[in-house]
Structure formats: C-alpha cells, structure tokens
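Close look at the chain arrangement
What follows is the residue order along each chain.
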Amino acid sequence: GESVGLHLPTLSVQEGDNSIINCAYSNSASDYFIWYKQESGKGPQFIIDIRSNMDKRQGQRVTVLLNKTVKHLSLQIAATQPGDSAVYFCAENTGTSGTYKYIFGTGTRLKVLA
Amino acid sequence: GAGVSQSPSNKVTEKGKDVELRCDPISGHTALYWYRQSLGQGLEFLIYFQGNSAPDKSGLPSDRFSAERTGGSVSTLTIQRTQQEDSAVYLCASSVGTGSFSPLHFGNGTRLTVT
C-alpha cells in the first residue's frame, strides 16, 4: 500500500546546530505535503507545508525541500533550540479525486542536546 | 475556542464496555478527520467527513467502530465492546475543506485505556 516513511527514527543534535529530518513518500500522485511537530501529550502541530509545484519553501527557522524525482521530502531547522525537541511527522495528501486521506509516517524523534 | 477541542482527554474503560469520544472542530471547517495513534507509532487514518458528503470510513478497523457528525460540526467516535487493542490516543483534526490545499489542525486527543 501507499506509505510515508522516515529514514531516521531518532536524531540528536547540539543546540544551535542545524537539523535535517528526512522523509520518503511512495505515492507519485501526491501533490501536497505537510510537516508536523508533536510534543508529548499534545496533538500534532502544523509547521510548514509545500505543494508539488514547488521544490522549496521557507518559514521561520524552517525550510522544507521537495524532490519529486526521488520522492523525498526534508525539513531543515536552523539554529535548533531545546524547544524543538519533539517528534516530527511528514504527511502526504493526494488532494485529488475527492479523497483526502493524509498518510503519516511513524515519525522522527528530535533530541536537542544542551 | 480557537482550536480543535476533544473530550474527554483521558478515558479508562473496562473491556467490553462502549465508549464515546467527542470532537469539536474549528468553527467554519468543513472537513473533519479521526486518526488513531498507538504508543510510539504514527497516525492511522480512521474516518473522514467532508460537508454533507458520505463519510470515508475506509480506515475503521472493525464494525465495532463508528462515527457521526451532527450538523456539520461536532463529531462523535463510538467504540463498542472495547478490546485491549483499542487502547491508543484518538486524534481529531479539522481543515478548511477539500478542494484547497489546507493543512489539518489537530486536537490534543483522547487517551483511551482499556483494562
């Protein structure tokens, strides 16, 4: 079946360094992608999204890169802070044919070391 | 409130009992989703409502699970004859609607424990 997966289940980075979280998706028809951050005991929180007609989008301290050729998505966090420690999920949505089931991966845990 | 609200935040029930989980989406959001998240796992799609259209129930794991959405707003997820494997966090999300590329906004979930 279609799936969204993550390469690294746990990522540890030093405070102040940049973090890169990767995600592979399998549905070539997917045209909308989202990164979520989930802290313990809370629901996923929207970080940034990107449509398939773009290959890069920047937010505040975050950048999402999309490589449709290899079906790869990444989230870059600049100057990682302790508050960035959380589990990060990527999600894909086909946005077509009236079916909008977002597919989530198992997540990557980001640990920020002081 | 400004966000998606779910109640209760925690629910402990005995095996075989029925439970109802409630979701209040963001006002004006026409799409509503239920997901299940087991410990340390990703989000498993359960059901999706869009406006007055028939819901997409393709993710419901068994006929013990059902959901309804009244008046296009509040939704209730019902689990009958609960089993221990139903223990998980049940997350509700809403979005502006389909036809536009709009992200899901999640509530903080209901943690269900079946003893």
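The sections below set out a description of the structure shown in this document. Computed from a predicted structure; not experimentally measured.

The rules we used
Residues numbered from 1 in each chain as written. Chains lettered and ligands numbered in written order. Predicted model: local features only at pLDDT ≥ 70, side-chain atom pairs only at ≥ 80, totals over all residues. Heavy atoms only, no water. Disulfide = S-S within 2.5 Å. Helix = DSSP H or I, 4+ residues; strand = E, 2+ residues; numbered from the N terminus. Buried < 20%, exposed > 50% of the residue type's maximum accessible area, 1.4 Å probe, protein only.

Some points on the state of the cysteines
Tallied over the full model, the rule gives two disulfides over all chains. Here C23 of chain A pairs with C90 of chain A through a disulfide, and the sulfurs are 1.8 Å apart. Classification of the bridge connecting C23 of chain A and C90 of chain A rests on its S-S torsion, roughly 55°, and on that basis the disulfide is right-handed. Taken together, the residues span a long stretch of sequence, with C23 of chain A in strand β3 (residues 19-25) and C90 of chain A in strand β9 (residues 86-93) at a distance of 67 residues. For the pair formed by C23 of chain A and C90 of chain A, the shared burial category is buried. Shown here is the disulfide that connects C23 of chain B with C92 of chain B, its sulfur atoms set 1.9 Å apart. Note on the C23 of chain B and C92 of chain B pair: the S-S dihedral is about -65°, so by sign convention the disulfide is left-handed.

What to know about unusual backbone geometry
Backbone phi values are negative for most residues with the exception of glycine, while trans is the configuration of most peptide bonds. Here the amide bond leading from S7 of chain B into P8 of chain B is cis, since omega sits at -10°, within 30 degrees of zero. Position of P8 of chain B among the secondary structure elements: in the loop between β1 (5-7) and β2 (10-13). Its identity is not glycine, yet A79 of chain A carries a phi of approximately 50°, on the positive side. Tracing the sequence through the fold places A79 of chain A in the loop between β8 (72-77) and β9. At R81 of chain B, a position not held by glycine, the phi torsion is positive, near 45°. Following the sequence through the fold, R81 of chain B ends up in the loop between β7 (75-79) and β8 (88-95).

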